[in-house]
Each structure stands twice: as structure tokens, then as C-alpha cells.
Amino acid sequence: MSDKIPEGNRSARERLARHREQEKGREKRRRTLIVASAVVGVLALAAVVGLIAANVSKDGGEDTASGPAIAPSGASGEDALTLPVGAADAPSTLTIWEDFRCPVCAQFENALRDTVSELVNDGQVRVEYHLATIIDGNLGGSGSLRAANAAACAQDAGKFAPYHDVLFSNQPPEPDDAYGKNSRLIELAGKVQGLDTPEFRSCVEDGDHDSWVKKSDTAFRKGGFQGTPTVLLNGESVFPSKDGEQISPAALKKWILAANKGKKPGTAAPSDPDAPAPSSAASSSASPEGSATADGSATPPPQGDGPANPAAPSSAAGS
């Protein structure tokens, strides 16, 4: 008996096999589409949950900042979002974007505070501070917002600089939202002579500048910055490095004095409306170099004059 399959039967079987393969392909594509749709749905839900979490404090209280943005006394610049420290006619400008919960900001401030203060007092540089709240968005809570509002209240009292330093010197661990409590912010005001007044307490507890802080944070996010701290010298990023040299107290002083060569130190008070503008103002929209995550795990820059090894800025990518 012949073992050959008749031509007609072979063709029928081949057609049946091809049909089955086509069905398998259609079924595979259908399952892929279902899985992809499910993943998109989950990601969309996660995004919504993230947005909700970013606006709710850890104690369950919603962020209720609303109403017009009330700028603190003496604020300047576009939309009055700049808190100036130093002579208005200083030959150089140091623009600093910070978050009071940002551990790398505290490392920067605690390492370079004395150098910056010396240069400000000598009329070599004017510092323009801007406040952001990215850690609230990344980790939840309201400490960035509450501390920034309190700092703006200190600006109303003419004591922003010393209170700013106290907040960074006493900064809690990054996951600890201690600055979300107004009582703690008022307690720290006691370290600044003459700041803890009924007016300051009322400003802190009522959140007088909450909307202004949120407006400042929006400007930070729209500015194309990668994280905090963002530090610009006359518009050029100098944190964590400049021209391949890492920032340190000695390096920052060298850079500023080099930029000021041949120029007179400033003498005008920050609020003097007749003071000439700095010769090379910092650009609020210049993009800084690099970015990193907000883990706060890096080693702080050394206090000495040797090369620093600064941590990278905290990420600006909120939830």
C-alpha cells in the first residue's frame, strides 16, 4: 500500500494549518492589545494618585493655599519672586533656588554660608533667593511650603537672611516633615532676635504667603531647572562645578572676585530704588548643569578651602 498522501488531502491539511496559525496570530494580537490597554489604565491611575498625594499632607490635611499671591515686603524681580540680600549695585549676582527640605541645599548652605556672607558684606555680590517646594511633591507633606511661607514672613520683618540660615542649620532629615508644623517654625524663629512677634506668628499660622510660594515653585518648574539647589553666578551655573572645577568656598570666592575685576563694590541697600542695576544680572531662565535624585545621601562639601565634592541637586521631578 502506498504511503503517499493524495495531493487533494495534502492541500486541505496545509490550508487548515495556515488557518490555525492565522487564528493564533489574531489571538496573540488581541491579548497584547488587552494587556497594553490595562497597563495604560494603571499608569493613568498612578498619575492621578500621584497628583493627589502631592497635594495632601501626611496628616491628611489638604493643601489649601489659594487666593492672590501676596509678595513679602521687599521682594523684587519679575512677579516679585526674588528675595534679595546684599547691595543692589553689587557688581555680581548670585541667584539661588532652594527648598528648605532639600538636604543638598542644606549641605551647600552650611558649607558656603560664611564665604557668601563675607562677599555680601564686602559689596562683592548680591544674592537673589528663590524658593521651591519640590520635596513636598516628591515625598509628600507640606514642610517645603510651610517653611517657605515662614521665610517670607521673616522677610516681612526684615529678617529673612538670619531665619533662612536657622532653617537650614536645623533642617530635619528629608523624610521627616517636621517643617510641616507651624509650631516648629515659630519655635525656630526664637533663634532670630526680634522675629518671634505676634505679627510673625499670625503670618505663619495663616499662611499669608502660601500662594506666593506656590507661584515661585511654578516659576522654578517652568524655568527648565533640574533640581535644587540651583546656583547661578551672573547667569552661569556654578553648582556643582564651573569649567570643570568643583565648587568650594575658595573656588566660589575666586570666581566672584574674577568676575568683579576692575569693578567697584556695591554700597546701595537692597531696597534702594535709585540704585543702579548690577553690571551682570543673573538670568532666571538659564539652565543649570546636571541633575540627580533627591536622596540626600551624598557627603556634604567640606568647610575648608580644598576642593569640594558636593552632592548633586535634588530632583525637580515631582509626583
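Residues numbered from 1 in each chain as written. Predicted model: local features only at pLDDT ≥ 70, side-chain atom pairs only at ≥ 80, totals over all residues. Heavy atoms only, no water.

## Observations concerning the sheet that holds strand 2 (residues 92-98)
Next up, step 1: Sheet architecture is open: five strands sit in the order 1-3-2-5-6, paired in mixed fashion. In this open sheet, the two strands that pair with only one neighbour each are strand 1 (83-85) and strand 6 (236-237).
Next up, step 2: Here four bridges tie strand 2 to strand 5 (residues 230-233), and the two strands are oriented antiparallel to one another. When the sheet's bridge partners are listed, Thr-95 is paired in strand 5 with Leu-232.
Next up, step 3: Against the sheet, helix 5 (residues 160-169) contacts strand 1, strand 2 and strand 3 (125-131), and its axis sits at roughly 100 degrees relative to strand 1. (Pairing = 2+ DSSP bridges. Helix = DSSP H or I, 4+ residues; strand = E, 2+ residues; numbered from the N terminus. Contact = heavy atoms within 4.5 Å. Axes fitted to C-alpha atoms, helices over the stretch in contact; angles between N-to-C directions.)

## What about the environment of Pro-68?
Next up, step 1: In this structure, Pro-68 sits in the loop between helix 1 (7-54) and strand 1.
Next up, step 2: In the structure, Pro-68 is positioned 143 residues away from Ser-211 in sequence and 6.4 Å away in space, judged by C-alpha atoms.

## A few points about the pairing of strand 3
Next up, step 1: Burial runs high along strand 3: seven of the seven residues are buried.
Next up, step 2: Side chains of strand 3 alternate between two faces, with Val-125, Val-127, Tyr-129 and Leu-131 and Arg-126, Glu-128 and His-130 buried alike.
Next up, step 3: The pairing of strand 1 with strand 3 spans three bridges and is antiparallel. Directly across from Val-85, in strand 3, lies its bridge partner Val-127. (Buried < 20%, exposed > 50% of the residue type's maximum accessible area, 1.4 Å probe, protein only.)

## Things to note about helix 4 (residues 143-156)
Next up, step 1: The end-to-end C-alpha distance of helix 4 is 20 Å, a good match for the 20 Å that 14 residues give at a rise of 1.5 Å each.
Next up, step 2: Summarising burial for helix 4: 13 of the 14 residues are buried, a large majority. (Expected span 1.5 Å × (residues − 1).)

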